[in-house]
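Close look at the chain arrangement
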Amino acid sequence: MNQKLARIILDTDHVIGTIDPLLFGGFAEHLGRCVYEGVYEPGHPLADAEGLRSDVKAAMEELAFTTIRYPGGNFVSGYDWLDGVGPKNQRPSRRELAWFSIESNQFGTNEFLQLCRKLKTEPMMGLNFGTGTIEGSAALVEYCNAPAGTKYADLRKSHGFTEPWDVKYWCLGNEMDGAWQIAHLDAQDYAKKAREAAKLMKWQDPSIKTILCGSSGPGMPTYPDWDRTILETCWDQTDYLSLHRYADNRANDTDSYLAGAVEFENHIDVLSATLRFVKAKLRSKKDVYLSWDEWNVWYKNMEMNGKWGSAPHLLEEVYNLEDALVVAQWMSVFLRKCDVLKMACLAQIVNVIAPILTNKNGLVKQTVFYPFAMYRKYAAGESIRPVVIAPMITSKQHGDVPALDVSATRDPSTGKQATFIVHRNQKESIETEIEWRGMTPACIVEVHQLSGLDPKSSNTFEAPRTIVPKTLDGMTVKDGRGHLKLPALSLTVLVSV
Ligand code: AHR
């Protein structure tokens, strides 16, 4: 085959699984300016009664996060949720030990749940498994979900919220395998605490779903034994196992960086095999799924010490085109693994390693904003297994990978199909043929493309539209085939009805 040609075959009968909408989640932590000056800025001319700026709200509505994980992150392991509820003038300021910042507690559980209602998103509540207790975890479930009439539910009522919030998703701690975590535990100790806490929490509300705190990354010396050990102890009390990962291009090797999606895929495969192993070992009939509840690119801004300031500028990563193409591939991996991966949270949502960066005068949609918005908008229904025949790109870190990374979806309820293609080649465009089998679309009505010549270009307050998607002409489909030329360094999304 001509090395400048690629082929993609999409057979709509080859269904990988149903896409859980919770794959399009975000994460908000009390860290830097994510909460304060991010989703909560009372007094700003654009802020509503709850402190949410209209420009931030509009950008978040474009991303349409299906779930938001909160309040941390490392922060949660020292957090007393009681500090953040009740009259604001009685809430204590604290020295916060995860990020060495001052936490005013002016935004807490109820403000977060109000924000979720406003954004029509499902809350995912994190619990303190560091300094926190099993009793405290069960009490928070009562505070959020029990009808009035008992201690913590009445406390909620006294704070102005008579009706339960019905929080469904609960994270049993955060990165408890890491020495950096406040009151870090070993696998056995964590597992026993998680099992007993989850038991009490589910006794409080049997409808809740729990997310067990898996390894904080594949680089951990305890990975994946940590995951196996905790699953063996907590299987019956667990609905999801979490995984975390941040990609980087510290080596400044763009070919390797863009090939790194093979590792994201491998990460899921290892944990999926671990789930299958434990299920078999325990002779269990139930399933546990995966929740990638922290994922993103993070390596340029490693400022993690707030020096006892309030809302300090921490982790304010500026994203570029190559980062956006990594984010796009990550989301394609989610779609290709949607049979086992059911939830994912982009870390984070505003200012801190985030698609949205604010200052007093406005905001910037970073490059990574756009792939997230495009996948969120167009990927729905079922994921289709793509066959990709493309020239290979040699990378130092991950060997040979095809020039194209592809995922595809079809929504049986509407017939709408979407194909997501990342072209990893840095210099040359490629002629590509797409062949549909099964439900062949009559034509491609929309083509959206994010691309650029320089992998390092970013959007800034001075030049906010350097990397934005273009809408191209639709594409003809003849005899089940369509043709298009994909530029170097691009994400192309094809949509058909
Ligand atoms: O998202 C930033 C931090 O990264 C989180 O607090 C922690 O869980 C992870 O290490």
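Our subject in this report is the structure included herewith. All values reported here derive from a predicted model rather than from experimental measurement. (Residues numbered from 1 in each chain as written. Predicted model: local features only at pLDDT ≥ 70, side-chain atom pairs only at ≥ 80, totals over all residues. Heavy atoms only, no water.)

This part is about the overall build of the chain. When you go through the chain residue by residue, the secondary structure sums to 10 helices and 25 strands. Against the 2.2 N^0.38 benchmark of 23 Å for 497 residues, the chain shows a C-alpha radius of gyration of 23 Å, consistent with a compact globule. Expressed along its principal axes, the backbone C-alpha trace of the chain runs to roughly 70 × 60 × 45 Å. Relative to its full complement of 497 residues, the chain shows a buried share of 61%. Of the contacts made within the chain by residues no fewer than 6 positions apart, 77% connect residues no fewer than 24 positions apart. Surface exposure of the chain reaches about 19,100 Å², of which carbon and sulfur atoms provide 52%. Taking the 54 positively charged and 61 negatively charged side chains of the chain as two groups, their mean positions are separated by 2 Å. (Helix = DSSP H or I, 4+ residues; strand = E, 2+ residues; numbered from the N terminus. Rg over C-alpha atoms; globule rule 2.2 N^0.38 Å. Buried < 20%, exposed > 50% of the residue type's maximum accessible area, 1.4 Å probe, protein only. Contact = heavy atoms within 4.5 Å. Areas by Shrake-Rupley, 256 points an atom, 1.4 Å probe, with all protein chains shown as cover. Lys, Arg positive; Asp, Glu negative; His and termini not counted. Charge placed at Lys NZ, Arg CZ, Asp CG, Glu CD.)

Our focus in this paragraph is the pairing of strand 24 (residues 481-486). Alternating residues of strand 24 divide into Gly482, Leu484 and Leu486, all buried, and Arg481, His483 and Lys485, none buried. Bridge count for strand 19 (residues 430-437) against strand 24 is 6 bridges, and the pairing is antiparallel. Considered in strand 24, the bridge of glutamate 435 is made with arginine 481. (Pairing = 2+ DSSP bridges.)

Side chains that differ in charge, positive against negative, can pair when their charged atoms come close. Per the stated rule, a full pass over the model turns up 34 salt bridges. Close ionic contact of glutamate 62 with lysine 365 constitutes a salt bridge, the shortest N to O distance being 2.8 Å. Of the two residues, glutamate 62 sits in helix 1 (residues 54-63) while lysine 365 sits in strand 13 (residues 362-365), which places them 303 residues apart along the sequence. Because the salt bridges share partners, they merge into one network encompassing Arg7, Glu433, Glu435, Arg437 and Arg481. (Salt bridge = Lys/Arg side-chain N within 4 Å of Asp/Glu carboxyl O.)

So, about the side chain of glutamate 96. Note on placement: glutamate 96 falls in strand 4 (residues 94-96). One buried charged residue, glutamate 96, forms no salt bridge at all, with the nearest opposite charge on arginine 94 at 10 Å. Looking at glutamate 96, its side chain comes within polar contact range of the main-chain nitrogen of tryptophan 99, at 3.0 Å. Those residues in contact with glutamate 96, other than ones at most four positions away along the chain, are Phe75, Ser101, Glu103 and Trp308. (Polar contact = N/O pair within 3.5 Å; in protein donor to acceptor, adjacent residues only side chain to side chain.)

Before going further, it helps to examine the site of the ligand. Glu29, Asn74, Glu175, Tyr246 and Glu294 are the nearest of the 13 residues found near the ligand. Taking glutamate 175, its side chain carries an N or O atom lying 2.7 Å from an oxygen atom of the ligand. Within the side chain of glutamine 348, an N or O atom sits 3.0 Å from an oxygen atom of the ligand. Alone, the ligand offers 280 Å² of accessible surface; in the complex the protein occludes 95% of this. By residue class, the composition of the shell around the ligand is 6 nonpolar, 4 polar and 3 charged. (Near = heavy atom within 4 Å. Nonpolar A, V, L, I, M, F, W, Y, C, P; charged D, E, K, R; others polar.)

Considering the arrangement of structural elements, one finds proline 469 in the loop between strand 21 (446-451) and strand 22 (470-472). Taking the C-alpha atoms as reference, proline 469 lies 7.3 Å from serine 451; in sequence the two are 18 residues apart. With residues near it in sequence (within four places) discarded, proline 469 still touches Tyr370, Met374, Gln449 and Leu450.

Turning our attention to the nonpolar core. Membership of the largest hydrophobic core comes to 137 residues, with the highest contact counts inside it found for Trp170, Tyr190, Trp292 and Trp295. Broken down by element, this core gets its largest block of residues, 11 residues, from helix 9 (residues 321-336). Ignoring sequence-local partners within four residues, the contact set of tryptophan 295 consists of Arg245, Val327, Trp330, Met331, Phe334, Ala344, Cys345, Leu346, Ala347 and Phe372. Counting residues in each nonpolar core, the second largest holds 19 residues, with Ala6, Ile430, Trp436 and Val477 among its members. (Core = buried A, V, L, I, M, F, W, Y, C linked by side-chain atoms within 4.5 Å.)

Quick look at a nonpolar patch on the surface now. Taken together, the side chains of Leu97, Phe100 and Trp308 make up a nonpolar region of the molecular surface, amounting to roughly 280 Å² of accessible area. Tracing the backbone shows leucine 97 in the loop between strand 4 and strand 5 (101-103). (Patch = residues over 30% accessible without salt bridge, like charges linked within 9 Å, V, L, I, M, F, W, Y side chains within 5 Å.)

This brings us to unusual backbone geometry. That bond from tyrosine 223 to proline 224 is cis: its omega, -5°, falls within 30 degrees of zero. With respect to the helices, strands and loops of the structure, proline 224 is situated in the loop between strand 8 (209-212) and helix 6 (225-234). The omega angle of the peptide bond from alanine 347 to glutamine 348 is 0°, so this bond is cis rather than trans. Within the secondary structure, glutamine 348 is located in the loop between strand 11 (341-347) and strand 12 (356-359). Located in the positive-phi region is lysine 307, a residue other than glycine, with phi close to 50°. Along the chain, lysine 307 falls in the loop between strand 10 (289-297) and helix 9.

Here the focus is the state of the cysteines. Across all of its chains, the model carries 0 disulfides by this definition. Here cysteine 234 is not disulfide-linked; the sulfur of cysteine 213 is the nearest cysteine sulfur, at 10 Å. (Disulfide = S-S within 2.5 Å.)

This part covers the packing of aromatic side chains. A complete count under the given rule lists 22 aromatic pairs for this structure. The interplanar angle of 90° and the centroid separation of 5.0 Å between the aromatic rings of tryptophan 295 and phenylalanine 334 together place this pair among those described as edge-to-face. Taken together, the residues span a long stretch of sequence, with tryptophan 295 in strand 10 and phenylalanine 334 in helix 9 at a distance of 39 residues. The buried category is assigned to tryptophan 295, whose relative accessible area is 0%. Pairwise contacts between aromatic rings join Tyr36, Tyr40, Tyr70, Phe107 and Phe112 into one cluster. (Phe/Tyr/Trp six-rings, centres within 6.5 Å; stacked < 30°, edge-to-face > 60°.)

Packing of helix 3 (residues 134-145) against helix 4 (residues 151-158) leaves a shortest axis separation of 7 Å and a crossing angle of 50°. Accordingly, the angle class assigned to the pair helix 3 and helix 4 is oblique. For the crossing formed where helix 3 meets helix 4, the hand is right-handed. Along its contact with helix 3, which presents Glu135, Ala139, Glu142, Tyr143, Cys144 and Asn145, the element helix 4 presents Lys151, Tyr152, Ala153, Leu155 and Arg156. Along the lines of polarity and charge, the residues of the contact of helix 3 with helix 4 split into 6 nonpolar, 1 polar and 4 charged. (Axes fitted to C-alpha atoms, helices over the stretch in contact; angles between N-to-C directions. Parallel < 35°, antiparallel > 145°, perpendicular 65-115°, else oblique. Left-handed = near helix turned anticlockwise from the far one by under 90°.)

Along the chain, the position of serine 77 falls in the loop between strand 3 (67-70) and strand 4. Taking relative accessible area as the criterion, serine 77 reaches 0% and is therefore assigned buried. Polar contacts involving the side chain of serine 77 include one to the side chain of glutamine 181, which spans 2.7 Å. Leaving out residues up to four positions away in the same chain, serine 77 has contacts with Asn128, Gly130, Thr131, Asn174, Met176, Gln181 and Ile182.

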